[in-house]
Amino acid sequence: VQLVESGGGLVQPGGSLELSCAASGFTVSSYVMSWYRQAPGKERELVAGITSVGGSTNYADSVKGRFTISRDNTKNTVYLQMNSLKPEDTAVYYCNAHHPFLPWNHWGQGTQVTVSS
């Protein structure tokens, strides 16, 4: 099982970025896929998630209306579209895959997002 994030970088406030999480060794449509982030000195927090069945999504209050999580089953990849970025969105963003009822949980290596002028 492998999760590889990409798409991070430096962006000005108000800008946009799209993160990608390419999965291998399993099928993203069969598990809960999520994006987390961790800022310096802070705990890792859930940003957005998408369920396996139905593809329902959920978001942290701080990103609702600005971020969108999506899944491309043909590419076995999950995305996080981030718009209207704020300096407080600066963090390392991690992709996570887990089964809601079984002890199966995997993380990517993370990608840095920095929002600064």
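Summary of the structure given here. (Residues numbered from 1 in each chain as written. Predicted model: local features only at pLDDT ≥ 70, side-chain atom pairs only at ≥ 80, totals over all residues. Heavy atoms only, no water.)

### With respect to the pairing of strand 5 (residues 45–50)
Bridge count between strand 4 (residues 32–38) and strand 5: five bridges; the pairing is antiparallel. Bridging across to strand 5, Ser34 finds its partner in Gly49. Hairpin connection of strand 4 to strand 5: six residues between the antiparallel strands, including Gly41 at a positive phi of 80°. Relative to strand 6 (residues 57–59), strand 5 runs antiparallel, the two sharing three bridges. (Pairing = 2+ DSSP bridges. Helix = DSSP H or I, 4+ residues; strand = E, 2+ residues; numbered from the N terminus.)

### Here's the deal with the sheet that holds strand 8 (residues 77–82)
Pairing is antiparallel across the open sheet formed by four strands, whose spatial order is 1-3-8-7. Only two strands of the sheet have a single partner each, and these edge strands are strand 1 (2–6) and strand 7 (67–72). Averaged over neighbouring strand pairs, the angle between their axes works out to 15° when direction is ignored. By the bridge criterion, five bridges tie strand 1 to strand 3 (residues 17–24) in an arrangement that is antiparallel. The residue of strand 3 that forms the bridge with Leu3 is Ala23. (Axes fitted to C-alpha atoms, helices over the stretch in contact; angles between N-to-C directions.)

So far we have only geometry, and geometry alone does not tell us how the molecule works.
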